[in-house]
Amino acid sequence: MDSESFQLDSESLWAWLVNLLSQNSEGLSDKVRFFIPTVDLDCNNEAPDPEVIRQQLNMLYAQGPATWKTFIHCVCMECDVPLELEVSLLSIWGQEDEFSRHPGAGEESCPGPRLHHGVKRPTQSYGSSPRRKHSRKQQLELAKKYLELLKTSAQQYHGECWGAGHTLASPQAYIPPILQWSRDTAPLDTWEGVTGGDPEEAADVDVIIQDLFNFRTHKAPQVTVLLGKAGMGKTTLVRRLCWRWAHGQLDRFQAVFLFEFRQLNLITHLLTLPQLLFDLYLSPESDPDAVFQYLEENAHRVLLIFDGLDEVIHAGSVGVDNAGSALTLFSGLCRGTLLQGCWVMTTSRPGKLPSFVPTEAAMVYMWGFDGLRVEKYVSHFFSDLLMQELALAEMRANEHLRGICAVPALCKVACLCLRRLLSGSSTALPPTVTQLYLKMAETFSPNETLLAKSLLGLGKVALGGLDTGKVIFSVEDISPPVMAFGVVHSLLTSFCIRNHPEHQKIGYAFAHFSLQEFFAALYLMASDTVDKDTLTDYVTLNSRWVQRTKAKLGLSGQIPTFLSGLASHACRAFLCHLTEQDEAWVGSRQAVVVQVLRKLASRKLTGPKIIELSHCAAETQELELARFIAQSLPFQLSFHNFPLTRADLAAVANILEHRDVPIHLDFDGCPLEPHCPEALVGCGQVETLSFKSRKCGDAFAEALCRSLPTMGSLKILGLTRSKITARGISHLVQALPLCSQLEEVSLNDNQLKDPEVLSLVELLPCLPKLQKLDLSRNSFSVSTLLYMVKVAITCPTVRKLQVRESDLIFFLSLATETATKQSGAPDLQDKDGQKKEQSRSLEIRLQKCQLRVHDAEALVELFQKGPRLEEVNLSGNHLEDEGCRLVAEAVARLHIAQKLDLSDNKLSRTGVACVLRAVSTCGTLEELRVSLLTNTVVLTFAREPREQEGSHKRGAPLASFVSPVASEQSRSSPRVRLTHCGFLAKHMEGLSEALRASCQTHHLDHLDLSDNSLGDEGVAILAQLLPGLGFLQSLNLSRNGLSLDGVFGLIPCMSSLQWVFHFDVSLESDHILLRGAGTGRDALTGGCEPEFPAGAQLLESRQRHTSRSFRLQECHLEPLNFGCLCAALEKCPGPLEVQLSCKTLSDESLEALLQHLPRLPQLSLLQLSHTVLSSRSPFLLADIFNLCPRVQKVQLRSLCHAVLQFSSKEEQEGVCFGLLAGHGPFI
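Residues numbered from 1 in each chain as written. Predicted model: local features only at pLDDT ≥ 70, side-chain atom pairs only at ≥ 80, totals over all residues. Heavy atoms only, no water.

### Comments concerning the overall build of the chain
The following threshold applies: The secondary structure listing takes helices from DSSP runs of H or I that are at least 4 residues long and strands from runs of E that are at least 2 residues long, numbered from the N terminus. When a residue's accessible area, from a 1.4 Å probe over protein chains only, is under 20% of the maximum for its type it is buried; when over 50% it is exposed; and in between it is partly exposed. It only takes one pair of heavy atoms within 4.5 Å for two residues to be counted as in contact. Note on areas: Shrake-Rupley, 1.4 Å probe, and residue coverage restricted to the protein chains presented here.
When helices and strands are counted, the chain shows 48 helices and 33 strands. Here the chain holds 1227 residues, and the buried ones make up 55% of them. Residue pairs in contact within the chain that sit at least 24 positions apart in sequence constitute 77% of those at least 6 positions apart. Of the roughly 52,800 Å² of accessible surface on the chain, 51% is carried by carbon and sulfur atoms.

Here is the structure:
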């Protein structure tokens, strides 16, 4: 084409183009904003001005041939352009060599694009000029101008973001998603300007944009991490935040900076913080040093937002040199080493965060939309009232559609499909996310050929970007027709990229990241250049939590889900039209995807991968695949420490519908969307459901209560470590009675108080199969505790109430036979009720509950009205002496079967005597064990007579040795162990009086007073009082500080007390034990010795067959001691065995012992063991035959062991003296 022809054609086309676009000036302005994001257009023109349109066209033309050609393609797609003109437009202005000859391409008519936020370009970058000194006033003026400029530019930029081409036309139409803090310290301030009914007030777990910052804390650094899946609206929210700040609604911040990591990744040089703020964001008009100094001094009023932390490129990946600087700056800001005291916010998909993010950073989860927010979004989307009502009715009737719309990005796609349905262009809404995208794509163009080329073109760009980690594209990366297709249908966005003060360019990205993943998956499935092996490589299951050593979070997380959706039979027709292939070709590729999913299902998968697999299966709509996955799941399905949305739980529930056997679901530490339990409605395969997360609050409990009555197989329910309060419990109290099959309910570690605890306890009679109710680690008072004791006593199914500090657990038995039938004779019902009440046993444990004396009185009154008590444990309270006495006095009326524990109740020595007197009336007391050192006070009781009979039948051989009379006596003969009580000699009279009072009602078997401080004096007093205690079987006085003289003072007890047969003494270990006949030495250690009769008649008969013994060990005896010893033993009845064990025994001591032996006519055996004798001792022992004619045998095994045997007067016939040494004896 010659120059003149081109000039004529282009001028006529230019005029025709101006005339055409005058009819759609708003659309032209949108294209200008798209291709030139930094431009500031005047939006106040009331009527389209041809000159303004011409200027805008010149601005587009000046961007270059690629941009202009793409714009021409947009015009041809959007406007009704005749075919011949479309060909002319593309042919004349589509060639680069002809591009510069356009008549309007002069420099004066093609102004360059303005800088970011419409700010004039600075002539010098930060650091290129020397610093100038300013006064404080000048610095403040410079800073004030910069802050005003920052706010003005934010108003322009973010105002355009909300107004240009946005479905919700005004900023006021923004629908905030559900935001939930992960920490208990989350602020819950109200948002100024919120009106009633707004979604911001929908749930107690929601926080509003202003509350993303806890201004109550003064700790640095102050970091907030906003976590949410793709499509939840993270980028939209931070831009909304900047818009609010620019309009004065976040006045706590003087400066707000918003950066995107996807742009920072493109920086090719190292940066300082001033360069990041001024060179790459907004430069001051003058002296940036003074402005930065002001920002440093007022850092606590500066907010820096970094969007897309998951997109940052870490070390070891492509572009490490490019990204290191930006990431280093972000790390310094988080650690507080840069701009100390500033506020930092970042957004990210859920995953392991970099190590430099402080552990005290506030984590805020974005959960998308609930039902109220979805309806509000739909109301704003449809401006026509009739369409709005129809759309809301369809949304309310379609639960699955509401679940899809929980993701804000999908909510818009669903509304587009809903508009087509309501307009009659479609017959039904798609059931899956993938089909929603396909339905949206079908509306783009009636030309199937153009549609196929455009979709596959976008898919190729999308897949190439994901494979190389690229989310920002240049104009050269996308062909003009494909770019135009994306622009016309709002599939692409544009923005200005500044990686240097003097350089900027326009970048393009998909409107949403999931959109890029969808087009990539569509290209993989539909392109004939992708073989099946490559296709299968993309069908993987990625864990939600990646290792910190990995370069970056995977950019293809949803590609397997979209590929699974495209594998559905419902997508086959669309794919056949798109690929121009037959069904066999498309079906074979779909079968490959399903086959890979089936193979993955056969493996042992972690919780996150099971969630991903469930989503994939739901998208395929393959019932056989769903059944196979359901049967492959383990019996215990656990999910730990990763976020879960309602859609995630719905996908799992959809799989479980095809399972034949029950399953246990356990969610531990998972951040959960407040309304996600609604997905479990009708899920009848779940047998155990457990949630352990601080993120579960009242809204979560309310949603769960809508599902519980529909889960017919549920037996165990756990809501532990949550934040459920009165509001959540009110819903739970209404739902639980509808779940009669429940066997265990756990609500421990919540925020329940007295009313909530009482309301739950009152449900016990309504749950006939309940076996355990755990309300531990909640807040309840003593009065509530007493009421719960009353409930435990009156409720026939309760078998145990266990309370210890904050622990509160009810154990119940099945109620199949506890409730009497209403029909039948009244007298029979009364008899049956009495029998059941007698057969029922109840265990009460109230430990460390701060119970006092008046509480003890109330408990005794309650216990008397109840059934038989198996065990009562009141340890760790504040009953003191009076409270313990009250309970002990009531023991005889309470019918306690096994044990009463009053330990750790501040009992004194005086209180011990009081308790001892109080239990004197109890005929079933088996043992009283008191130790003030260990704060132990335990009363053990004998079994009921019927139980005793059963035990005797089982133990017939042992019982055959005891007469029936003796056996009856032994059942009522208690043991009293008063150890470590600090008793002194002065306490003995009072203690003995209490013991005598106890002995008046029942016989005392064993008395243990070891580990006290009686000394010789106290033991002497006790010896005088022992006859009044009756016939004991053992008396333990160990570790009471007795001397040898004190021991000699006790020896007369062997003659004055008929029951004493054995006296064991070990002075070095302070062991002193008096035992009856046949009583084992287990009494010393508190063991269970065999029970023997202790009556006087039996003692007299036993004296003729049982020898008495005196054992003195680990002592040092002088010659004078033997005189005292023998004098004390003279009155002891015989036969008598004496065993002495000394470290050394001198010849004088041995000679004194032998000389005193004739004074003991009842002596039958003298044994010297573990005693070192001299070499002269054999001769002294040989002389014993002359000193004591009753000596019958002397055996000297060594110089450490000697035995002398004595005979009675009737048996004096011969003597024997033996020395055993080496290997054989000699005589």
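### Description of the packing of aromatic side chains
Put simply, the rule is: Ring pairs are drawn from Phe, Tyr and Trp, using the six-membered ring of Trp, whenever the two centres fall within 6.5 Å, and their geometry is named by plane angle: stacked under 30 degrees, edge-to-face over 60, tilted for the rest.
The full count for this structure, using the stated rule, is 28 aromatic pairs. A centroid spacing of 4.9 Å and a plane angle of 70° characterise the contact between Tyr 61 and Trp 68, whose relative ring orientation is edge-to-face. For the pair Tyr 61 and Trp 68, a shared accessibility class is recorded, and that class is buried. Relative to Phe 519, the ring of Phe 518 has its centre 5.3 Å away and its plane inclined at 65°; by these criteria the two rings are edge-to-face. Taking the relative accessible area as the measure of exposure, Phe 518 reaches 0% and is therefore buried.

### Considerations on the pairing of strand β15 (residues 798–804)
Consecutive residues of a regular strand have side chains that alternate between opposite faces of the sheet. Rules: The rule for pairing is simple: two strands pair if DSSP sees at least two bridges between them.
Where β15 meets strand β16 (residues 807–812), six bridges bridge the pair, whose relative direction is antiparallel. In the strand pairing of β16, Leu 801 is matched with Phe 810. Adjacent in sequence and paired antiparallel, β15 and β16 are bridged by two residues, among which Glu 805 carries a positive phi angle near 55°. Relative to strand β17 (residues 841–847), β15 runs parallel, the two sharing five bridges.

### Quick look at the side chain of Asn 905
Locating Asn 905 in the fold gives a position in the loop between β19 (896–901) and α36 (909–918). Its relative accessible area of 1% is what places Asn 905 among the buried residues. Asn 905 has contacts with Leu 874, Ser 875, Gly 876, Asn 877, His 878, Leu 879, Glu 880 and Cys 884, leaving out every residue within four places of it along the chain.

### Some words on the confidence of the model for the chain
Let me state the cut-off plainly: Note on scores: pLDDT gives the predictor's confidence for each residue, bounded by 0 and 100.
Here the chain averages 80 in pLDDT, while 79% of its residues score no lower than 70. Considering only residues more than four positions removed or in separate chains, one finds that residues 184–207, a stretch of pLDDT under 50, has 58 contacts. Confidence drops under pLDDT 50 across residues 819–830; counting only partners more than four residues distant or on other chains, this segment forms six contacts.

### Comments concerning the nonpolar core
Counted only if it meets this: What is meant by a nonpolar core is a set of buried Ala, Val, Leu, Ile, Met, Phe, Trp, Tyr and Cys residues, joined one to another through side-chain atoms within 4.5 Å.
Of all hydrophobic cores here, the largest spans 376 residues; its most connected members are Phe 71, Phe 257, Leu 689, Phe 810, Leu 846 and Phe 1110. Sorting elements by how many residues they give to this core places helix α20 (residues 513–526) first, with 11 residues. In contact with Leu 846, not counting residues within four places along its chain, are Leu 785, Val 789, Leu 801, Val 803, Leu 851, Leu 859, Asn 873, Leu 874, Ser 875 and Asn 877.

### Some thoughts on helix α41 (residues 1015–1025)
Note the following rule: The arc under discussion is defined with respect to the helix axis, by the directions toward the C-beta atoms.
Buried residues of α41: Gly 1015, Gly 1018, Val 1019, Leu 1022 and Ala 1023, and no others. Down the axis of α41, the smallest arc covering the buried residues is 140°, so these residues share one side. Facing away from the buried surface of α41 by more than 90 degrees, the exposed residues are Glu 1017 and Gln 1024.

### A word on the state of the cysteines
Working definition of a disulfide: a covalent bond connecting the sulfur atoms of two cysteines. This is how it is decided: Disulfide assignment relies on a single distance test, namely cysteine sulfur atoms paired within 2.5 Å.
Taken as a whole, this structure holds zero disulfides when the rule is applied. Cysteine Cys 1115 is unpaired, with the sulfur of Cys 1142 as its nearest cysteine sulfur at 3.9 Å. Cys 1124 carries a free sulfur, and the closest cysteine sulfur to it, the one in Cys 1126, is 9.6 Å from it.

### With respect to the packing of helix α24 (residues 583–601) against helix α26 (residues 623–632)
In a packed pair of helices, the relevant descriptors are the angle between the two axes and the axis-to-axis distance. Rule in force here: Axis lines are fitted to C-alpha atoms, over the contacting stretch for helices. Their N-to-C directions set the angle, which ranges from 0 to 180 degrees. Roughly parallel covers angles under 35 degrees, roughly antiparallel covers those over 145, roughly perpendicular covers 65 to 115, and oblique covers all other angles. In this count, Pro and Cys sit with the nonpolar residues alongside Ala, Val, Leu, Ile, Met, Phe, Trp and Tyr, while Asp, Glu, Lys and Arg are called charged and the others, Gly among them, polar.
One can describe the packing of α24 onto α26 by two numbers: an axis separation of 9 Å at closest approach and a directional angle of 10°. As the angle between them shows, α24 and α26 are arranged roughly parallel. Listed contacts from α26 to Val 594, Leu 597, Arg 598 and Ala 601 of α24 are Glu 624, Leu 625, Phe 628, Ile 629 and Ser 632. Partitioning the contact of α24 with α26 into residue classes produces six nonpolar, one polar and two charged.

### Some details on the environment of Leu 1140
Following the sequence through the fold, Leu 1140 ends up in strand β28 (residues 1136–1142). Spatially, the C-alpha atoms of Leu 1140 and Phe 1110 are 8.4 Å apart, while their sequence positions differ by 30 residues. Look past the residues within four positions of Leu 1140 in its chain and what remains in contact with it is Leu 1112, Leu 1117, Phe 1122, Leu 1125, Leu 1153, Leu 1166, Gln 1167, Leu 1168, Ser 1169 and Thr 1171.

### Looking at the pattern of salt bridges
Spelled out, the test is: The working definition used for a salt bridge is a side-chain nitrogen of Lys or Arg within 4 Å of a carboxyl oxygen of Asp or Glu.
The full count for this structure, using the stated rule, is 37 salt bridges. In this structure, the salt-bridge partner of Arg 239 is Glu 260, at a minimum N-O distance of 2.9 Å. Separated by 21 residues along the polypeptide, Arg 239 in helix α8 (residues 234–246) and Glu 260 in strand β3 (residues 255–260) bring together distant segments of the chain. Glu 678 is the salt-bridge partner of Arg 706, the closest N and O atoms lying 2.4 Å from each other. A residue pair is termed long-range when its members are at least 10 positions apart, and Arg 706 in helix α28 (residues 698–707) and Glu 678 in the loop between β10 (663–668) and β11 (686–692) qualify at 28 residues. Of the residues examined, Arg 706 reaches a relative accessible area of 40% and is grouped as partly exposed. For Glu 678, a relative accessible area of 19% puts it in the buried group. Salt bridges sharing common partners tie together Glu 399, Arg 646, Glu 678, Glu 702, Arg 706 and Arg 727.

### With respect to the side chain of Gln 388
For Gln 388, the position within the fold is in helix α14 (residues 385–397). Judged by relative accessible area, which is 14%, Gln 388 ranks as buried. Excluding anything up to four places from it in sequence, Gln 388 contacts Ser 379 and Phe 382.

### Some details on the pairing of strand β4 (residues 302–307)
Burial within β4 is extensive, with six of its six residues counted as buried. Burial of β4 is two-sided: the residues Val 302, Leu 304 and Phe 306 facing one way and the residues Leu 303, Ile 305 and Asp 307 facing the other way are all buried. Sheet topology note: the β3/β4 ladder contains six bridges and is parallel. Residue pairing in the sheet places Phe 257 in a bridge with Leu 304 of β4.

### Digging into unusual backbone geometry
One non-glycine residue with positive phi stands out, namely Asp 749, at about 60°. Although it is not a glycine, Lys 848 sits at a positive phi angle of roughly 50°. For Lys 848, a relative accessible area of 34% gives the class partly exposed.

### Section: the packing of α20 against helix α22 (residues 559–566)
Heads up, the condition is: Two helices crossing with the near one rotated counterclockwise from the far one by less than a right angle form a left-handed crossing, whereas a clockwise rotation gives a right-handed crossing.
Viewed as axis vectors pointing N to C, α20 and α22 meet at an angle of 50°, and their least axial separation amounts to 9 Å. By the angle between their directions, the pair α20 and α22 is classed as oblique. Seen from above, α20 lies across α22 with right-handed handedness. Contact residues: Ser 514, Glu 517, Phe 518, Ala 520, Ala 521, Leu 522, Leu 524 and Met 525 in α20; Ile 559, Phe 562, Leu 563 and Leu 566 in α22. Of the residues assigned to the contact of α20 with α22, the class counts are 10 nonpolar, one polar and one charged.

### Re the sheet that holds β4
The sheet built from six strands is open, its strands ordered β1-β6-β2-β5-β4-β3 with mixed pairing. Edge positions in the open sheet fall to β1 (179–181) and β3, since each of these has one partner strand only. Averaged over all pairs of adjacent strands, the angle between strand axes in this sheet comes to 20°, irrespective of strand direction. Inspection of the sheet shows β4 paired to strand β5 (residues 343–348) by four bridges, in the parallel sense. Note that in β5 the partner of Leu 304 across the bridge is Val 344. Together, β1, β2 (222–227), β3, β4, β5 and β6 (362–366) form the strand contacts of α8, whose direction differs from that of β3 by roughly 155°.

### Some details on the environment of Gly 351
Counting through the fold element by element, Gly 351 comes out in the loop between β5 and β6. Overall, Gly 351 belongs to the buried group, its relative accessible area being 5%.

### Thoughts on the environment of Gln 1058
Looking at the element boundaries, Gln 1058 is found in the loop between α43 (1053–1056) and β25 (1062–1066). The sequence separation of Gln 1058 and Gly 1030 amounts to 28 residues, and the corresponding C-alpha distance is 9.7 Å.

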